[in-house]
Each structure stands twice: as structure tokens, then as C-alpha cells.
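Single-letter residue listing:
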Amino acid sequence: MSWAISREARIAALYERLHHRSGILAGLTPGSPSHAGIQAECDAIHAEIRRLEAAVGISPKAVLVTIGLILLIAWSLLHH
């Protein structure tokens, strides 16, 4: 099991949620309180998707591989 949900999985889940909310939004009367609330939620979801897509992060696997390589190099230097 991974330590954290991958960025791609989070983005996919947000797109799915946005698609669901957009379907609800299409059935509401523009200008109604419900329409405004769902529209605000869609805007917030879209902003979060854009933030995640723009974010640059390091995967936990990359960190573990890097640490492993550093330990391997240190071990080989200490034993020569």
C-alpha cells in the first residue's frame, strides 16, 4: 500500500467529482441558491485540479530509491 495517494489518482478523483457535480448543475435553474452553491463547488474543485496539475512533487518511490543509492554508495566507500 502506498504511503500517500498519488497526485494522478487525486486528480482523477477530482475530475470524477467535477463531472458528477456538473451533471447536477445542468439540471438546476440558473440563479437559484442551489445552482449558485453547486457552481461554487465546481469552481473550487476546478481550482484544486489546476493547483495539483501545476504542482511539482517527488514520489515516495523516488525518495526511497535515492536513499537506497546513497546508502549503497556510502557502504561501498566504507568497505574499500
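For the structure, check the block above.
Described below are features of the structure shown in this document. (Residues numbered from 1 in each chain as written. Predicted model: local features only at pLDDT ≥ 70, side-chain atom pairs only at ≥ 80, totals over all residues. Heavy atoms only, no water.)

Observations regarding helix 1 (residues 7-26)
The end-to-end C-alpha distance of helix 1, which contains 20 residues, comes to 28 Å, matching closely the 28 Å that a straight helix rising 1.5 Å per residue would cover. Residues Ile11, Leu14, Leu18 and Leu25 constitute the buried set of helix 1. One side of helix 1 holds all its buried residues, which, seen down the axis, span an arc of 60 degrees. Away from its buried face, by an angle of more than 90 degrees, helix 1 presents the exposed residues Glu16 and His19. In this fold, the buried residues of helix 1 make contact with helix 2 (33-54). (Helix = DSSP H or I, 4+ residues; strand = E, 2+ residues; numbered from the N terminus. Expected span 1.5 Å × (residues − 1). Buried < 20%, exposed > 50% of the residue type's maximum accessible area, 1.4 Å probe, protein only. Arc of directions from axis to C-beta. Contact = heavy atoms within 4.5 Å.)

Focus: the pattern of salt bridges
On inspection of all chains with the given rule, the structure shows five salt bridges. Two residues, glutamate 41 and arginine 17, come together in a salt bridge whose shortest N-O distance is 3.2 Å. Of this pair, glutamate 41 sits in helix 2 while arginine 17 sits in helix 1, placing them 24 residues apart in sequence. The partly exposed category is assigned to glutamate 41, whose relative accessible area is 23%. Through salt bridges with shared partners, a single network forms among Arg10, Glu48 and Arg51. (Salt bridge = Lys/Arg side-chain N within 4 Å of Asp/Glu carboxyl O.)

A look at the packing of helix 1 against helix 2
Two elements in contact, helix 1 and helix 2, have axes separated by 9 Å at closest approach and are oriented at 160 degrees. If you check the angle between helix 1 and helix 2, you find them roughly antiparallel. Between helix 1 and helix 2 lies a crossing of left-handed hand. Contact with helix 1, carried on its side by Arg7, Arg10, Ile11, Leu14, Tyr15, Arg17, Leu18, Arg21, Ser22, Ile24 and Leu25, involves His35, Ile38, Gln39, Glu41, Cys42, Ile45, His46, Glu48, Ile49, Arg51, Leu52 and Glu53 of helix 2 and no other residues of that element. By residue class, the composition of the contact of helix 1 with helix 2 is 11 nonpolar, four polar and eight charged. (Axes fitted to C-alpha atoms, helices over the stretch in contact; angles between N-to-C directions. Parallel < 35°, antiparallel > 145°, perpendicular 65-115°, else oblique. Left-handed = near helix turned anticlockwise from the far one by under 90°. Nonpolar A, V, L, I, M, F, W, Y, C, P; charged D, E, K, R; others polar.)

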